[in-house]
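Commentary on secondary and tertiary structure
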Amino acid sequence: MVDLLLFTFLLIRAAVAASCADGNTIQFRVGNCTIRSPNEPEVQSWGAEVALNNERTICMIPSTVLNDTFLTTTNLCQSSEQLKVHQVDMTSAQCASRRGGPVSADKFKGVPLSNLVQNPGWTLLNNTIEDAVEVSMQLSRQAITTTVGLITKGQNSAASHLGLATDSSILKVLKGQGLIVARSFGLNVGSQSVQSPRGGSLVLGGYDQGSVANPFLHEFPIPQNDRLQDRHCPLQVELTGLTLEIKMANASETESRDIFSKSTGITVCVEPYDNLFRLPSETLSTLLGYVNQTTEQRTHLVPVTEYADELVNLEPGLVYRRSSGEFNAALRFTINDKMTVEVPYHELQRPLRGLDSNGAAVLNTSYNELQIFGDPAPGNAPVLGKAFLSQVYLFVDYDAGKFYMAPLNSEAGAVLPVATGTCPSGGLTATEKGLIALGAVLGALVLAILAWAIYRWRRRRNPRINGTEAQAMDHAPGNATSGAQNRSVVGTGQFSSRNRSREMQDTLSQNSATGADSGFAIGHAPFGHLSRQSVETGRSYESPPQRPTHTGIV
């Protein structure tokens, strides 16, 4: 009984541990997303597709700017003021794609703004928070109800924010409901290059092992003060080197040009919401000088208004005419003097991409664009965005107070999620106590049934000699052996109980009379060294031990 209870307890503990460690993650596909809704223009955006209230699907971008999730609303695409971006007037369709499929505020239940947590990353960008609503969000296969903010005006954002900052409300809700174990997430942003595009993944509560090319050798602390200059930034690293690797005209040599070295290292923000590199003004000027030399361009970069009739550029980089030449160079970053990340040519430069008047993503191959923001970093806070993360897998563990970066496996296939965090420990939960009590009752019942079955089986199988129970044998020397022998004979199922009694009686009598040496056997498996007292003669008999013959029967 004790063994059974212990076994039951271990099974319950193993089941609880398995449910805690296995599969406790939420996974999304991340990449280009197309949203089609009745009587609305088709939306072409980027991010993770999320269903709201089991009806409306939008595209959301993972963001460490905000703790709460913020949704873009249709108010952003109605007035002429809201439709103007980078000095260019957008159509409603272009605005809808830029915003990732805005929602109508009146479709949700309003709640007090106090239901939101603090979002310093929003207010630092000169934005206001005017409305909060309660919404059901379908996160992969799990639905949760949470409070989100509504973006009703402003130009300092594109699509909706999936808030994953230090105090992320979504991570808290998921952990509180036991859907994830740790407040953590892993992100593979994929690639938006034209030459080698690929999708990515987002894992909440863990990371994707398949996206990690090498172990997480580089870890970084999450600072207590997560403000960087005039920007909220929980993921900060020290950029100690920035180098251009320029492939020369003969394509067989590479020339390295340092933008700056570790003596002038700067703290930068790793932010997946942003697309481009955002550099301080001095660093940007140095880089522009090399761009002009490499492309033989002696004129200013092309302004957004030059190509606005054909497309709207949502986040303008360094755009120049393709006729000026190719910027055939890679950009190498050194992080904290220990990690080197090289962004290759095809990630750094691509044909100009934007949205046409119908909101569809298009290319204008008359222009090239470097994935470097054309203006100095807002708030003087440098940013490494998705162009940088195209080469790095990012794993953030807020419970541990750390984040990690590792080389990205660009050939990653299906997501291989690994849940992180420590499963609940300590005393037994009420559920475990109840299960153990139930297991004890069931265990006692099983033992009782098993004992009764064995008793019935032995009564039915034990041989009778002259109608008398073979209890006399139990007092003879070697009774344990004989019991095993009798059970082995019975277990063959070759004779009926009555025939076995007669067979054994005849054999015993014969052996007693003749002093036979052989042991009683079935087939070729002798059961030697039998010692019994014959019921008929009253004399003891004994057969000498024999060497068993192996038959494959054990």
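Procedures and definitions
- Residues numbered from 1 in each chain as written.
- Predicted model: local features only at pLDDT ≥ 70, side-chain atom pairs only at ≥ 80, totals over all residues.
- Heavy atoms only, no water.
- Helix = DSSP H or I, 4+ residues; strand = E, 2+ residues; numbered from the N terminus.
- Buried < 20%, exposed > 50% of the residue type's maximum accessible area, 1.4 Å probe, protein only.
- Contact = heavy atoms within 4.5 Å.
- Areas by Shrake-Rupley, 256 points an atom, 1.4 Å probe, with all protein chains shown as cover.
- Polar contact = N/O pair within 3.5 Å; in protein donor to acceptor, adjacent residues only side chain to side chain.
- Phe/Tyr/Trp six-rings, centres within 6.5 Å; stacked < 30°, edge-to-face > 60°.
- Lys NZ or Arg CZ within 6 Å of the ring centre and 35° of its normal.
- Pairing = 2+ DSSP bridges.
- Axes fitted to C-alpha atoms, helices over the stretch in contact; angles between N-to-C directions.
- pLDDT = per-residue confidence, 0-100.
- Salt bridge = Lys/Arg side-chain N within 4 Å of Asp/Glu carboxyl O.
- Disulfide = S-S within 2.5 Å.
- Core = buried A, V, L, I, M, F, W, Y, C linked by side-chain atoms within 4.5 Å.
- Patch = residues over 30% accessible without salt bridge, like charges linked within 9 Å, V, L, I, M, F, W, Y side chains within 5 Å.

An unreviewed UniProt entry annotates the protein chain as Peptidase A1 domain-containing protein of Podospora bellae-mahoneyi.

**Side note on the overall build of the protein chain**
A tally of regular secondary structure across the protein chain gives ten helices and 34 strands. Going through the 554 residues of the protein chain one by one, you find that 46% of them count as buried. Contacts in the protein chain between residues at least 24 apart in sequence constitute 69% of all its contacts with a sequence separation of at least 6. Summed over its atoms, the accessible surface of the protein chain is roughly 27300 Å², and 50% of this surface lies on carbon and sulfur atoms.

**With respect to the side chain of Ser63**
Counting through the fold element by element, Ser63 comes out in strand E3 (residues 56-63). At 2.9 Å, the side chain of Ser63 forms a polar contact with the side chain of His161. Look past the residues within four positions of Ser63 in its chain and what remains in contact with it is His161, Leu162, Gly163, Leu164, Ala165, Glu271 and Tyr273.

**A word on the packing of aromatic side chains**
One pass over the structure, following the stated rule, counts twelve aromatic pairs. Judged by centre distance (6.2 Å) and plane angle (45°), the ring pair of Phe216 and Tyr393 falls under tilted. One end of the pair, Phe216, is in the loop between strand E13 (206-208) and strand E14 (218-221); the other, Tyr393, is in strand E26 (residues 392-397), with 177 residues separating them in the sequence. Note on Phe216: relative accessible area 23%, which makes it partly exposed. Every member of this aromatic cluster is reached through a ring pair, and the members are Tyr207, Phe216, Tyr393, Phe395 and Tyr404. Over the ring of Phe373 we find Arg278; its NZ or CZ atom is 4.0 Å from the centre of that ring. Note that Lys386 overlies the ring of Trp46, its terminal NZ or CZ placed 4.6 Å from the centroid.

**Here we look at the sheet that holds strand E24 (residues 361-370)**
Ordered by their spatial adjacency, three strands build an open sheet running E20-E24-E23, and the pairing between neighbours is antiparallel. Both edges of this open sheet fall to strand E20 (318-321) and strand E23 (349-355), since each of them pairs with a single strand only. Strand-to-strand twist across the sheet, computed as the mean angle between neighbouring axes with direction ignored, equals 65°. In this sheet, E24 lies alongside E23 in antiparallel orientation, the contact comprising seven bridges. The partner of Gln349 across the bridge, within E24, is Leu370.

**Here's the deal with the confidence of the model for the protein chain**
With 72% of its residues at a pLDDT of 70 or more, the protein chain has an overall mean of 77. Under a pLDDT of 50 for its full length, residues 4-19 has, in the predicted model, 17 contacts with residues more than four places off or in other chains. Taken together, the stretch residues 465-554 has pLDDT below 50 and engages in 91 contacts with residues farther than four places along the chain or on a different chain.

**Here we look at the pairing of strand E12 (residues 200-204)**
In terms of burial, E12 is largely enclosed, as five of its five residues are buried. Residues Gly200, Leu202 and Leu204 point to one face of E12 and Ser201 and Val203 to the other, with burial holding for every one of them. Examined bridge by bridge, strand E1 (residues 26-35) and E12 share five bridges and lie antiparallel to one another. The partner of Ile26 across the bridge, within E12, is Leu204. With four bridges connecting them, strand E11 (residues 184-188) and E12 associate as antiparallel partners. Bridge pairing links Phe185 to Leu204 in E12.

**Considering the pattern of salt bridges**
Summed over all chains, the structure comprises 15 salt bridges. One salt-bridge network, in which partners are shared between bridges, spans Arg231, Asp274, Arg278 and Glu315.

**Comments concerning the state of the cysteines**
Per the counting criterion, the structure on display carries three disulfides. Two residues, Cys33 and Cys59, share a disulfide whose sulfurs are 2.0 Å apart. The S-S bond linking Cys33 to Cys59 shows a torsion near -110°; that makes this disulfide left-handed. Within this pair, whereas Cys33 is found in strand E1, its partner Cys59 is found in strand E3, the two being separated by 26 residues in sequence. Cys59 shares its class with Cys33; the two are buried. Note on cysteine connectivity: Cys233 is disulfide-linked to Cys269, with sulfurs 2.2 Å apart. Looking down the S-S bond of the Cys233 and Cys269 bridge, the torsion is 105°, so its handedness is right-handed. In this pair, Cys233 is assigned in the loop between strand E16 (231-232) and strand E17 (236-247) and Cys269 in strand E19 (residues 266-270), connecting sequence segments 36 residues apart. Taking the relative accessible area as the measure of exposure, Cys269 reaches 0% and is therefore buried.

**A word on the environment of Leu408**
Note on placement: Leu408 falls in the loop between strand E27 (402-407) and strand E28 (417-419). For the pair formed by Leu408 and Ser390, sequence separation is 18 residues and the distance between their alpha carbons is 7.7 Å. The contact partners of Leu408, leaving out residues within four places of it in the chain, are Asn188, Arg198, Ser211, Ala213, Leu389, Ser390, Gln391, Val392 and Tyr393.

**Remarks on the nonpolar core**
The nonpolar side chains of a soluble globular protein tend to be buried, and buried together. The biggest cluster of nonpolar side chains holds 75 residues, and the ones touching the most others in it are Met137, Leu204, Phe277, Phe333, Ile335 and Phe388. The greatest single-element share of this core, amounting to five residues, is contributed by E17. Formed by 14 residues, the second largest nonpolar core is a distinct cluster that contains Leu83, Val88, Met90 and Val302.

**Some details on a nonpolar patch on the surface**
Among the surface-exposed residues, Leu447, Leu450 and Ile454 lie close enough to one another that they form a single nonpolar patch of about 250 Å² accessible area. Inspection of the secondary structure puts Leu447 in helix H8 (residues 430-461). Its relative accessible area of 33% is what places Leu447 among the partly exposed residues.

**Focus on the environment of Val392**
Counting through the fold element by element, Val392 comes out in strand E26. Taking the C-alpha atoms as reference points, Val392 and Asn188, separated by 204 residues in sequence, lie 7.5 Å from one another.

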